[in-house]
Amino acid sequence: MSEWESFQRDFTLCDCLACLKTCCETARKSPDLEGATWKLQEASYHALESLKSFNLPGLVQSVEAIETIEDAEALVKAFEEAMPSLQPKILRRNWWLLKPVDGAVGKGIGLLGGLGSNMPQIAPEMFKGRASDGYILQKYVEMPHLLDPSLLQEAEQAELAWQPTTSSAAAPRVVREGTPPAMFKYNLRHWVLINWTGSDPPVWFYEHGYIELCTTPFTESLEVGSHIANLSQQGKPTLSAPCKRMWSTSTLSRYLEAVTGKDLWTTQILPEIKQVVARIVAAACPLRTGTEDGVEEKKQRHPWRRFGFDFALDEHFKVWLIEVNHRPGMKCAKGWQGDAKRRLLAQFYPDEQLLCGPNHGMSGDTWDPIGAFQRLPQQ
């Protein structure tokens, strides 16, 4: 069997297993047992048709014998124990993003993929861009790392215990007594400044960043609010929405250390983010200005460019690049919702002025940290 044939077989087996497992879970939760059993039999028929082209008589007979939920669950269990490498959980979340070329703040983004979903779910905000310019199809992280807002709040309170508050109104806390905590997907934002002149543009990474939570708890269904973090939220905090959506990366670092007992941010996550930034800039270096191939190009009046790099983390704390924003939004939400970003900007702008001044950065000679900026090596 060739490598391609082996992949086709494994993918088909994984698809059958994922469908059966999903139907079993749905049937257990459904009050309509007859309807759920019918859907299970339909999934079994789909699996049977998919497996007929492979020389797997024992498996075909097992699928043919499915009559009840218990039969399907027993087959799924045996399936997973025999072939643990198939990873059906990932296939069930084989999600993709459709992003308009000139979209912003989550507007016009579509979600598609997974089992039982043929049409993309579109973000409800009005999209005023030019859809005719096309869309970018981007793979979506299947197993994102999730956060508990109540634990984030505890981490932030510990961090700010010695600092003066920047807002007269404290963020309200949502208490969920007797219920499991709602977990939220999130994105990370870090700013990068590049002096894009010459053949080796210095890249300065800002050590402090912030995270933004989705408007609703994470779910496997393609609900836009539980997957896209930069959508606007209307109304007051509820049991299904976080009391606060924006937090500093230093708060995230405390959270992760409290939950895992390890300094994952400093030792693993932040170094990987820096490495991704350096590689992306190196790939974009043909966009630089200055002298190239003996031809003097017209230099930009303001060579410094500020970028916003957005990332996500998966359940193993692996860094995923989402996108790079060439005009990152610097405005803050009103009241306590914008406190974390305001505190960050109060430090960022003086550091930026120091970096872009006449005595630093322009020549690209220095590697010493400037404020919270650190220069990244070329990849």
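For clarity, every value in this text was computed on a predicted model and none was experimentally measured.

### Concerning the overall build of the protein
Here is step 1: Across its full length, the protein holds nine helices and 13 strands.
Here is step 2: Relative to its 379 residues, the protein shows a buried fraction of 43%.
Here is step 3: Long-range contacts, defined here as pairs at least 24 residues apart, represent 68% of the contacts in the protein between residues at least 6 apart.
Here is step 4: Total accessible area on the protein is roughly 20,700 Å²; 54% of this is exposed by carbon and sulfur atoms.

### Digging into helix 7 (residues 249–260)
The periodicity of an α-helix, 3.6 residues per turn, causes residues three or four places apart in sequence to face the same way.
Here is step 1: For helix 7, spanning 12 residues, the distance from its first C-alpha to its last is 16 Å, which sits close to the expected 16 Å at 1.5 Å a residue.
Here is step 2: For helix 7, the full list of buried residues reads Thr249, Thr251, Leu252, Ser253, Tyr255 and Leu256.
Here is step 3: Buried-residue contacts for helix 7 involve helix 6 (149–159), strand 5 (186–195), strand 7 (210–213), strand 8 (246–248) and helix 8 (264–283).
Here is step 4: Immediately downstream of helix 7, the backbone of Gly261 shows phi near 80 degrees, a positive value.

### Things to note about the packing of helix 7 against helix 8
Here is step 1: At their nearest, the axes of helix 7 and helix 8 sit 10 Å apart, and the two run at 120 degrees to each other. As far as their axial angle goes, helix 8 and helix 7 are oblique. Here helix 7 contributes Thr249, Leu252, Ser253, Leu256 and Thr260 to the contact with helix 8, which in turn contributes Leu264, Trp265 and Ile269.
Here is step 2: Its residues assigned to classes, the contact of helix 7 with helix 8 shows five nonpolar, three polar and no charged.

### Topic: the environment of Leu321
Here is step 1: Assignment of secondary structure puts Leu321 in strand 12 (residues 319–325).
Here is step 2: Note: C-alpha distance between Leu321 and Ile280 (41 residues apart in sequence) is 9.6 Å.

### Thoughts on the packing of helix 6 against helix 7
Here is step 1: Helix 7 packs onto helix 6 with a crossing angle of 115 degrees between their chain directions and a minimal axis gap of 8 Å. Put simply, helix 6 runs roughly perpendicular to helix 7. Crossing of helix 6 over helix 7 shows right-handed handedness. Contacts from Leu151, Leu152, Ala155, Glu156, Ala158 and Glu159 of helix 6 reach helix 7 at Ser250, Thr251, Leu252, Arg254, Tyr255 and Val259.
Here is step 2: Across the contact of helix 6 with helix 7, the residue classes tally to seven nonpolar, two polar and three charged.

### What to know about the environment of Leu17
Here is step 1: Relative to the helices and strands, Leu17 resides in helix 1 (residues 3–29).
Here is step 2: Overall, the relative accessible area of 0% leaves Leu17 in the buried class.
Here is step 3: Sequence separation between Leu17 and Ala72 is 55 residues, and the spatial gap between their C-alpha atoms is 9.7 Å.

### Observations regarding the side chain of Ser226
Here is step 1: Tracing the backbone through its elements, the reader meets Ser226 in the loop between strand 7 and strand 8.
Here is step 2: Judged by relative accessible area, Ser226 falls into the buried class, the value being 0%.
Here is step 3: Polar side-chain contacts of Ser226 include one of 3.4 Å to the side chain of His227.

### Quick notes on the pattern of salt bridges
Here is step 1: On inspection of all chains with the given rule, the structure shows nine salt bridges.
Here is step 2: The closest approach of N and O atoms between Lys244 and Glu156, which form a salt bridge, is 2.7 Å. Pair noted here: Lys244 is in the loop between strand 7 and strand 8 and Glu156 is in helix 6, with a separation of 88 residues, a long-range link.
Here is step 3: The class for Lys244 is buried, based on a relative accessible area of 3%.
Here is step 4: Here the salt bridges share partners, and the residues they tie into one network are Glu156, Lys244 and Arg343.

### With respect to helix 4 (residues 69–82)
Here is step 1: Taking 1.5 Å per residue as the helical rise, helix 4 with its 14 residues ought to reach 20 Å, and the 20 Å between its terminal C-alpha atoms agrees with that figure.
Here is step 2: Residues of helix 4 that are buried: Ile69, Ala72, Leu75, Val76 and Phe79. Projected down its long axis, helix 4 carries its buried residues within an arc of 130 degrees, all on one side. Relative to its buried face, helix 4 has exposed residues pointing more than 90 degrees away, namely Lys77, Glu81 and Ala82.

### Thoughts on the pairing of strand 11 (residues 304–313)
Here is step 1: Counting buried positions over the 10 residues of strand 11 gives eight, a clear majority of the element.
Here is step 2: The sheet contact formed by strand 5 and strand 11 spans eight bridges and is antiparallel. Counted as the bridge partner of Leu193 is Arg306 from strand 11.
Here is step 3: Relative to strand 12, strand 11 runs antiparallel, the two sharing six bridges. Bridging from a neighbouring strand, Leu313 pairs with Val319 of strand 12.
Here is step 4: In sequence, strand 11 turns back onto strand 12 through a hairpin of five residues, with Phe317 there showing a positive phi of about 65 degrees.

### Looking at the nonpolar core
Here is step 1: By size, the foremost hydrophobic cluster in this structure holds 34 residues, and its most contacted members are Leu188, Ile211, Ile269, Ile273 and Val277.
Here is step 2: Looking at this core element by element, the count peaks at nine residues for helix 8.
Here is step 3: If near-sequence neighbours (up to four positions away) are discounted, Ile273 is found in contact with Leu188, His190, Phe205, Trp265, Phe311 and Val319.
Here is step 4: If you look at the next biggest cluster of nonpolar residues, it comprises 15 residues, including Tyr206, Leu344, Leu345 and Ile370.

### Section: the environment of Thr219
Here is step 1: With respect to the helices and strands, the residue Thr219 is situated in the loop between strand 7 and strand 8.
Here is step 2: For Thr219, a relative accessible area of 23% translates into the label partly exposed.
Here is step 3: Sequence separation between Thr219 and Lys185 is 34 residues; the distance between their C-alpha atoms is 9.3 Å.
Here is step 4: The residues touching Thr219, leaving out its near neighbours within four places in the chain, are Trp95, Ser226 and His227.

Cut-offs used in this document
- Residues numbered from 1 in each chain as written.
- Predicted model: local features only at pLDDT ≥ 70, side-chain atom pairs only at ≥ 80, totals over all residues.
- Heavy atoms only, no water.
- Helix = DSSP H or I, 4+ residues; strand = E, 2+ residues; numbered from the N terminus.
- Buried < 20%, exposed > 50% of the residue type's maximum accessible area, 1.4 Å probe, protein only.
- Contact = heavy atoms within 4.5 Å.
- Areas by Shrake-Rupley, 256 points an atom, 1.4 Å probe, with all protein chains shown as cover.
- Expected span 1.5 Å × (residues − 1).
- Axes fitted to C-alpha atoms, helices over the stretch in contact; angles between N-to-C directions.
- Parallel < 35°, antiparallel > 145°, perpendicular 65-115°, else oblique.
- Nonpolar A, V, L, I, M, F, W, Y, C, P; charged D, E, K, R; others polar.
- Left-handed = near helix turned anticlockwise from the far one by under 90°.
- Polar contact = N/O pair within 3.5 Å; in protein donor to acceptor, adjacent residues only side chain to side chain.
- Salt bridge = Lys/Arg side-chain N within 4 Å of Asp/Glu carboxyl O.
- Arc of directions from axis to C-beta.
- Pairing = 2+ DSSP bridges.
- Core = buried A, V, L, I, M, F, W, Y, C linked by side-chain atoms within 4.5 Å.

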